[in-house]
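Architecture and fold: a report
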There are 2 protein chains.
Amino acid sequence: MMKQNIKIRQVNLKNIRVTDTLLRKEMELVRNTVIPYQWAALNDQIPDAQPSYCMHNFKVAGKITRERERREVYTTPVYPTDHICVWPEDVEHPEDRFYGFLFQDSDFAKWIEAVAYSLEQFPDPELERTADKAIELVCAAQQPDGYLDTFYIINDITKRFTNLKDNHELYCLGHLIEGAVAYYEATGKDKLLLAASRFADCVAEHIGPEEGKKHGYPGHEIAEMALARLYELTGDEKYLRLGLYFVNERGKRPYYFDIEHDRKEETDDKLRYQYHQAHLPVRDQSEAVGHAVRAVYLYSGMADYARLSGDTCLKEACEKLWEDIVSRKMYLTGGIGATHIGEAFSFAYDLPNQTAYAETCASIGMIFFARRMLLLDQDAKYADIMERELYNGVLSGMSLEGTSFFYVNPLEVLPEACEKDERKRHVKPVRQKWFGCACCPPNLARLISSIGSYIMSESEDTIWIHLYAGCTFTKEFGEGNVIVTMESRFPWDGHVRIQVEGTIDHPLTIALRIPDWGTDYQITGLEGAEAVKRKGYLYLTKVWRSDSLEIVFPMSIRLIDADTRVREAIGKAAVMRGPVVYCMEEADNGRDLHLLRMDEHAKYYAEEKQIGSETVVAVKAEGFRQEKAEDGLYHLHMPAQYKRTELVWVPYYTWANRGEGEMQVWTRY
Amino acid sequence: MMKQNIKIRQVNLKNIRVTDTLLRKEMELVRNTVIPYQWAALNDQIPDAQPSYCMHNFKVAGKITRERERREVYTTPVYPTDHICVWPEDVEHPEDRFYGFLFQDSDFAKWIEAVAYSLEQFPDPELERTADKAIELVCAAQQPDGYLDTFYIINDITKRFTNLKDNHELYCLGHLIEGAVAYYEATGKDKLLLAASRFADCVAEHIGPEEGKKHGYPGHEIAEMALARLYELTGDEKYLRLGLYFVNERGKRPYYFDIEHDRKEETDDKLRYQYHQAHLPVRDQSEAVGHAVRAVYLYSGMADYARLSGDTCLKEACEKLWEDIVSRKMYLTGGIGATHIGEAFSFAYDLPNQTAYAETCASIGMIFFARRMLLLDQDAKYADIMERELYNGVLSGMSLEGTSFFYVNPLEVLPEACEKDERKRHVKPVRQKWFGCACCPPNLARLISSIGSYIMSESEDTIWIHLYAGCTFTKEFGEGNVIVTMESRFPWDGHVRIQVEGTIDHPLTIALRIPDWGTDYQITGLEGAEAVKRKGYLYLTKVWRSDSLEIVFPMSIRLIDADTRVREAIGKAAVMRGPVVYCMEEADNGRDLHLLRMDEHAKYYAEEKQIGSETVVAVKAEGFRQEKAEDGLYHLHMPAQYKRTELVWVPYYTWANRGEGEMQVWTRY
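A brief structural summary. Being a predicted model, the structure only gives us computed values, none of them experimental.

What follows is about the nonpolar core. Of all hydrophobic cores here, the largest spans 237 residues; its most connected members are Phe108(B), Ile325(B), Ile498(B) and Leu512(B). Here this core gets twelve residues from one element, more than from any other, and that element is helix H15 (residues 360–376) of chain B. Counting 235 residues, the second largest nonpolar core, distinct from the first, contains Leu176(A), Ala338(A), Ala383(A) and Val566(A).

Here the focus is the packing of helix H4 (residues 105–121) of chain B against helix H5 (residues 125–140) of chain B. Residue and element names in this part refer to chain B. Interhelical geometry of H4 versus H5 gives an angle of 150° and a closest axis separation of 11 Å. Of the possible angle classes, the one that applies to H4 and H5 is roughly antiparallel. Handedness of the H4/H5 crossing: left-handed. Within the contact between the two elements, H4 uses Phe-108, Trp-111, Ile-112, Val-115 and Leu-119 and H5 uses Leu-127, Glu-128, Thr-130, Ala-131, Ala-134, Ile-135 and Val-138. Class assignment for the residues of the contact of H4 with H5 results in ten nonpolar, one polar and one charged.

All told, the structure shown has 102 salt bridges over all chains when counted by the stated rule. With a shortest N-O distance of 3.8 Å, Glu113(A) and Arg229(A) are connected by a salt bridge. With Glu113(A) in helix H3 (residues 105–121) and Arg229(A) in helix H8 (residues 223–234), this pair connects stretches of sequence that are 116 residues apart. For Asp384(B), the salt bridge is made with Arg513(B), and the minimal N-O distance between the two is 2.7 Å. Of the two residues, Asp384(B) is situated in helix H16 (residues 380–394) and Arg513(B) in strand S11 (residues 508–513); the sequence distance between them amounts to 129 residues. Overall, Asp384(B) belongs to the buried group, its relative accessible area being 10%. Its relative accessible area of 0% is what places Arg513(B) among the buried residues. Bridged by salt links that share partners, the residues Glu113(A), Glu178(A), Glu185(A), Arg229(A) and Arg446(A) form one connected network.

With that settled, the discussion passes to the interface of chain A and chain B. Listed as interface residues are 63 residues of chain A and, on the opposing side, 63 residues of chain B. Around 5,100 Å² of area is buried between chain A and chain B when both sides are counted, 57% of it from carbon and sulfur atoms. Considering only the surface of chain A that becomes buried against chain B, Arg423(A), Arg567(A) and Tyr634(A) emerge as the three largest contributors, covering 17% of it. Between chain A and chain B we count six salt bridges in total.

Okay, the sheet that holds strand S11 (residues 508–513) of chain A next. Residues and elements named next belong to chain A. Taken together, six strands build an open sheet; the order of strands is S1-S6-S7-S11-S14-S13 and the sheet is mixed. Pairing within the sheet leaves two strands with one partner each, and these edge strands are strand S1 (9–10) and strand S13 (530–534). The strands touched by helix H15 (residues 380–394) are S11 and strand S14 (537–542); relative to S11, the strand with the most contacts, the crossing angle is about 55°.

Our focus in this paragraph is the environment of Val619(A). Residue and element names in this part refer to chain A. The topology assignment puts Val-619 in strand S21 (residues 614–626). Residue classification places Val-619 among the buried residues on the basis of a relative accessible area of 0%. Contact partners of Val-619, with chain neighbours within four places excluded, come to Ile-557, Val-575, Tyr-582, Tyr-604, Tyr-605, Leu-647, Val-648 and Trp-649.

Let's shift gears to the packing of aromatic side chains. This structure, assessed with the given rule, holds 64 aromatic pairs over all chains. A ring pair is formed by Tyr537(A) and Tyr539(A), whose centres lie 6.3 Å apart and whose planes are at 55°; its orientation type is tilted. In this pair, the class of Tyr537(A) matches that of Tyr539(A), namely buried. The rings of Tyr468(A), Phe490(A), Trp517(A), Tyr521(A) and Phe553(A) are connected pair by pair, giving a single aromatic cluster. If you follow Arg534(B) out to its NZ or CZ, it ends over the ring of Tyr539(B), 4.2 Å from the centre.

Calculation rules
Residues numbered from 1 in each chain as written. Chains lettered and ligands numbered in written order. Predicted model: local features only at pLDDT ≥ 70, side-chain atom pairs only at ≥ 80, totals over all residues. Heavy atoms only, no water. Core = buried A, V, L, I, M, F, W, Y, C linked by side-chain atoms within 4.5 Å. Buried < 20%, exposed > 50% of the residue type's maximum accessible area, 1.4 Å probe, protein only. Helix = DSSP H or I, 4+ residues; strand = E, 2+ residues; numbered from the N terminus. Axes fitted to C-alpha atoms, helices over the stretch in contact; angles between N-to-C directions. Parallel < 35°, antiparallel > 145°, perpendicular 65-115°, else oblique. Left-handed = near helix turned anticlockwise from the far one by under 90°. Contact = heavy atoms within 4.5 Å. Nonpolar A, V, L, I, M, F, W, Y, C, P; charged D, E, K, R; others polar. Salt bridge = Lys/Arg side-chain N within 4 Å of Asp/Glu carboxyl O. Buried area = accessible area lost by both parts, 1.4 Å probe. Pairing = 2+ DSSP bridges. Phe/Tyr/Trp six-rings, centres within 6.5 Å; stacked < 30°, edge-to-face > 60°. Lys NZ or Arg CZ within 6 Å of the ring centre and 35° of its normal.

Now the structure itself:
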């Protein structure tokens, strides 16, 4: 076993400064556009948008909590708790009702998490003051026993913890912890962290293995990985135990969700349990099933506990689930969740292009999962997926201006079908402003703001470089430091320059990931370094002083096939260059993309192209356009006629930034 | 205007005897298997099947009607009428409740119609006695004012005619008329006909243009064409007026379905009105939309009234709607209804193979529509579609043993997807025994039993031959007759022998349809006949004595392309021979049909093949099987490797008679 395995950790955002052209721009979009927009949304100040009611609910809950404290008895009115969302038009309209989705509290938590990461890269006293005030409001809603979920505080506190399956209390807990830890790490302020810890304490009082407690677990996972993070920050084993309990309890029989809902018998609808990944104990799970976001959040938590507890059985389950996703259930773009029914995984190799779900949040979840697998096992295959998700399935979720968002990321779009075919209604041909159920935009905000912490990992004696994004990372030692400065124009250019400045006298290892698409790389500057290749990383060990490494990864254009079991891609190929997946758009290629054919033997070349404010590398090649045959719905077969034409591909993540039009990733050859 | 136009009529089943090998076998299946099974189903005697409750409901309604007549006041209990179906397990279980779908009465009507046609070809006193007893039961349920719908008689008679949109009273009326007319024509017995007429009279008392009546029309069309048929039999113009009123009222604003449901404003959900073809006045409709069966039933009725009233505007609407279907919205098999959502038409050229709905009943409805268009305009294009529907989309609905049925007729099936992908749950990879909602099997029964009347039409001086099915047709004149005997092995062999024996002294025209696929035919025996070609028919006029016509239609194998706007068929071709559409099945070609490729230049040859009890003509050719590439979900493009292999196609209608397996109509070339 490698020494690093037990000490490896993700780098602290404080120690890394992202300078990368592409990612820095995205981070600035989040800082300047998404975070303020999101704050306005939380406060119901976006014209023409469904109000969030998030901060409204915290204020109402705060008032109720104060009243309860004063009177010491609960005299507030009781409202039903069996609806997933309520809007003012649906009810008699007293001021002090809960509105919105029952998980609306998490909107704040996601926002504060994004704010925290952003403050680490862009200090901003005014934003910090706004955040502090918001935290005051949130903490004021906390019940004396630590409980902090406004849906139940407002509606009926006696019903709390009675519907873990659907009612998202533990989901809100998870997000609150994530936000609170991030804010503490960014600012050193612990008010929200204490509130989140107290909520976790309260949950631990009510749920757990002991008699008299509920033996339940979250319907929507995230508390698992959040509690691991809280444990790692605080060292308090109570949180480790609670999170691990959630992981271990899931899927045991009789099913907790049946007990909770007073079902006497198991339903024979397997999907009902699979949706929540509760169909089997997690260590027996080997196939990724059910709601894709929930799934990868769970697997991320499982990977955390595998690392923290050294549970190899749990690690093996993570490896099997990972393998099932990446070798059978993942779109080329990294998208996961092939069906909108249950926003779920479909069966192996069922990857329909037009009806894909491939939720932005699920791709983000895959990055969470990948990072955790990297901490368990430094195998570049995990970082390869992290990179694929980042430059494709994740960035596609946000417009180049940061003002509109995709939840669903299809691999082929015919706008007419999205409009007229109810089976494709979930697919939007243009990004949408914001959604009543605000998961993807804030999730994007928190991922992009913290992207620095995904670029590298570190241990006592090693720095792993996973992503070749421009940045400066400082690793402190008692007697000095090592500063790693990386310059690149990734993903457009394969040249990477790594400058290492060291003031320590002992050797340090820098491990460079060799991408699966870039094994034909060239490197200079290895003089004096001991070089070892292992699991896709090139480990370079030396005493670093002032050293330059120059690496050139081949940015050749690749035509990609899918496994022949992927029926939707049969006879078709896609274009990639480096980690970037390309697509064809109507804007460049005209209508009827299905009539286009690639020429396998043509010369494919890269060319800079402006898309909105973004300069990207496009791909061009000669190909064919099949002549239309529109003389009757069915007619005698005639050899298809083709005209030569220039085909243009643009990076998938930039699609739908030039109006509504057709798009496709896979093209006939 | 042609003289025949005003006098043309379908031939009477009494005058035609079907001897055709294929169709006679199907008729015998219906007689010997489907009709008895259906009778058992109506009486809830099928083990392991959801009971129909159809005859139960008539018995209960009969009891209530008798009680009401005795007491002259309504004292029976009242039950809710706002559910589409009720099963005994859902309610307190008194004996005398209504059970099943609210349109369950129509099960009887469809059965009696099939029985009637069957009796014309297969006299059977025992079956006739059973039918007479059933008619007794049904008629006993009729209210004094003629009303005859057990759902409302049993549940709450005061609510009748209050939900024409959903509650299928007028649908039941329509089927009752169809069954009653057929039974009268077959047996001369008028008991059921009188009951149906009285029900129609009752409806006319409550619905119509006069003040105080409801200005409504059926939610599910069929009464339109049924009333036209009742008018043609009885000559009573009341039925013509009522049916035409239904046609004319549909789609007027404000929408009757909104008035009825007390909606103050139109909903902006166009689909809501389109589902019922009520979005526009029918004469303004040019696009086939909504529920496909309802649509073609309506269009059939429109064609009837266009003919009966000489309304050219209505005729033009029919022509446009026909054209929209056959040139933009019909599968190669004749299947219509591309989406299971609303069992409806999708947008133009959206013809997905795996998720097709293509309901058997909708293909049957297309035959109804085609026959009526033929009476309006003797253009062979209508008979071409009738033939396509019959040998493909219709016959596929029933297994070769007549014991199991498809509602949905997809053009491609992967059994795993039907099982695991909820979006394909409506598609079954094997035919099912019977369905709770029994529309397709009885519809098949009534079509097949009456197929004789589709083979030809006649007028005073002309016989049109639309289908080349073996039969003997006798046309009586005062002074003698003409007997046309047709022999063929259609659709397997293109040779047709028509023997005409005449004892009349004046000329008669026999019009032979030249199929769109058979324009390269050869004919002998024309001596002495005046021959004129018009709209796809060859009109032969002479004084017939004892004449033989021999026609040879080319049964060459055709590769068929779709319009390039059909995205699901791009780069693919299908096989047809004569009117028969072929498909590939796993049983002959192994798994992974998507890996197979046709060779456009190969020699395609026909070969007899046994499928179950059926001897059919299969098609074979050399083609290719793409080698599997299963080394990673995504990998560098490699020129696809192919092995030569024999490809085997079987008639589409025979698919899924050899167990569960993959099937596809369209194959890559």
